[in-house]
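# Breakdown of the fold
One-letter residues, chain by chain:
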Amino acid sequence: MSFYLKLIWAYLKIGIFGFGGGYAMLSLVEKAVVTPGWITETMFTDIVAISQMTPGPIGINSATYIGYAAPQIADPALQGWWWGILGSVLATLAVTVPSFILVLYASHFIRRHQESGAIKAIFGGLRPVVVGLIASAAIMLMNSANFNPRHISWQLWTNIAICAISFCLAYFPLPIRNKKIKIHPILIIIMAGIAGLAIYY
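All values derive from a computational prediction rather than experimental measurement.

### Things to note about the packing of aromatic side chains
Enumeration over the complete set of coordinates arrives at eight aromatic pairs. Taking 5.0 Å as the distance between ring centres and 85° as the angle between the ring planes, the aromatic pair formed by Tyr 171 and Phe 172 counts as edge-to-face. What makes Tyr 171 exposed here is its relative accessible area of 52%. Residue Phe 172 is classed as partly exposed on the basis of its relative accessible area of 42%. Site record: aromatic cluster; members linked through ring pairs are Phe 3, Tyr 4, Trp 38 and Trp 83.

Next up, the structure:
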């Protein structure tokens, strides 16, 4: 049971200090669960991908998935789906309850002092930090587990091309019949999945 105490403590810290949403907290999550060997780096990147594709915030989704998978990997005695469900519940609660309490109090405090120069200055400092954390998460995910898990050169360049095309489709609107239309992210995910099935299966 000591593993579950470590899991709760890890996700309490993530819930308290994970500023900027799911992507900004990915570096915290990676250090908390990959560094101690609870899950592998490849599994972590797969979980991030699954969390992005499923409904709900990526931070909570990844906590649920990692809470389910980690006990069986970290401790051989914790085999079985019931241990995984317990881990999912504990990790999800640990990451959401601190955030809920902090946001509840912060919203009340900010509403009362929204015209304060100190509050405006604090947010002025937090905004670039959040951007930096999200950029750090993006760079962290640019690893061999995502781009070249089988160490085959043509797959590396194919994955880089898929990444670049996905970015362009998501960021730049397409000129269609004198209109600029942006492709919906869900459609991009579906197209990328079909491309991966056609290329790698």
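What follows picks up the thread again.
### Concerning the nonpolar core
Within the largest apolar cluster, 28 residues are counted, with the highest numbers of intra-cluster contacts made by Tyr 11, Val 29, Val 33, Ile 39, Phe 44 and Ile 66. Secondary structure elements with two or more residues in this core: α1 (2-17), α2 (26-33), α3 (41-53), α4 (58-74), α5 (81-112) and α6 (117-140). Ignoring any residue separated from it by four or fewer positions in sequence, one finds Ile 39 in contact with Val 33, Val 34, Phe 44, Ile 47, Ile 66, Ala 70 and Ile 73.

### A short note on the layout of surface pockets
To locate leftover empty space, one rolls a probe as large as a water molecule over the atoms. Here the largest pocket defines a volume of roughly 1800 Å³. Surrounding the largest pocket, 36 residues form its lining, Ala 49, Gln 52, Asn 146, Cys 163 and Ser 166 being those nearest its centre. Of all elements in the fold, only α3, α6, α7 (144-147), α8 (153-171) and α9 (185-200) reach the threshold of two or more residues within the lining of the largest pocket. A per-element tally of the lining of the largest pocket places α9 first, with 10 residues. Here the residues of the lining of the largest pocket sort into 26 nonpolar, eight polar and two charged.

### Overview of the packing of α1 against α5
The interhelical angle for the contact between α1 and α5, taken along N-to-C directions, is 30°, at an axis separation of 8 Å. Classed by the angle they form, the pair α1 and α5 counts as roughly parallel. Seen from above, α1 lies across α5 with right-handed handedness. Every residue of α5 that contacts α1 at Tyr 4, Leu 7, Ile 8, Tyr 11, Leu 12, Ile 14, Gly 15 and Ile 16 is listed here: Trp 83, Leu 86, Gly 87, Leu 90, Ala 91, Ala 94, Val 95, Pro 98, Ser 99 and Leu 102. Per-class residue counts for the contact of α1 with α5 are 15 nonpolar, three polar and no charged.

### Focus on α8
For α8, spanning 19 residues, the distance from its first C-alpha to its last is 27 Å, which sits close to the expected 27 Å at 1.5 Å a residue. Burial in α8 covers these residues: Gln 155, Thr 158, Asn 159 and Leu 169. Along the axis of α8, the buried residues cluster in a sector spanning 100°; they form a single face. More than 90 degrees from the buried face of α8, the exposed residues found are Ser 153, Trp 157 and Tyr 171. In this fold, the buried residues of α8 make contact with α7, β1 (174-176) and α9.

### Here's the deal with the environment of Ile 181
Take Ile 181: it is sitting in strand β2 (residues 179-181). Look at Ile 181 and you get partly exposed, because its relative accessible area is 36%. In the structure, Ile 181 is positioned 12 residues away from Leu 169 in sequence and 9.9 Å away in space, judged by C-alpha atoms. Dropping the residues within four chain positions of it, Ile 181 is found in contact with Pro 173, Leu 174 and Ile 176.

### Topic: the state of the cysteines
Following the criterion strictly, the structure yields zero disulfides and no others. The thiol of Cys 163 is unpaired, and the distance to the nearest cysteine sulfur, on Cys 168, comes to 9.4 Å. For Cys 163, a relative accessible area of 36% gives the class partly exposed.

What counts, and where the lines are drawn
- Residues numbered from 1 in each chain as written.
- Predicted model: local features only at pLDDT ≥ 70, side-chain atom pairs only at ≥ 80, totals over all residues.
- Heavy atoms only, no water.
- Phe/Tyr/Trp six-rings, centres within 6.5 Å; stacked < 30°, edge-to-face > 60°.
- Buried < 20%, exposed > 50% of the residue type's maximum accessible area, 1.4 Å probe, protein only.
- Core = buried A, V, L, I, M, F, W, Y, C linked by side-chain atoms within 4.5 Å.
- Helix = DSSP H or I, 4+ residues; strand = E, 2+ residues; numbered from the N terminus.
- Contact = heavy atoms within 4.5 Å.
- 1 Å grid on protein atoms, 1.4 Å probe; cavity = no way out; pocket = protein on both sides within 12 Å on 5 of 7 lines; lining within 4 Å.
- Points joined across faces, edges and corners; volume = space filled by probe spheres on them.
- Nonpolar A, V, L, I, M, F, W, Y, C, P; charged D, E, K, R; others polar.
- Axes fitted to C-alpha atoms, helices over the stretch in contact; angles between N-to-C directions.
- Parallel < 35°, antiparallel > 145°, perpendicular 65-115°, else oblique.
- Left-handed = near helix turned anticlockwise from the far one by under 90°.
- Expected span 1.5 Å × (residues − 1).
- Arc of directions from axis to C-beta.
- Disulfide = S-S within 2.5 Å.

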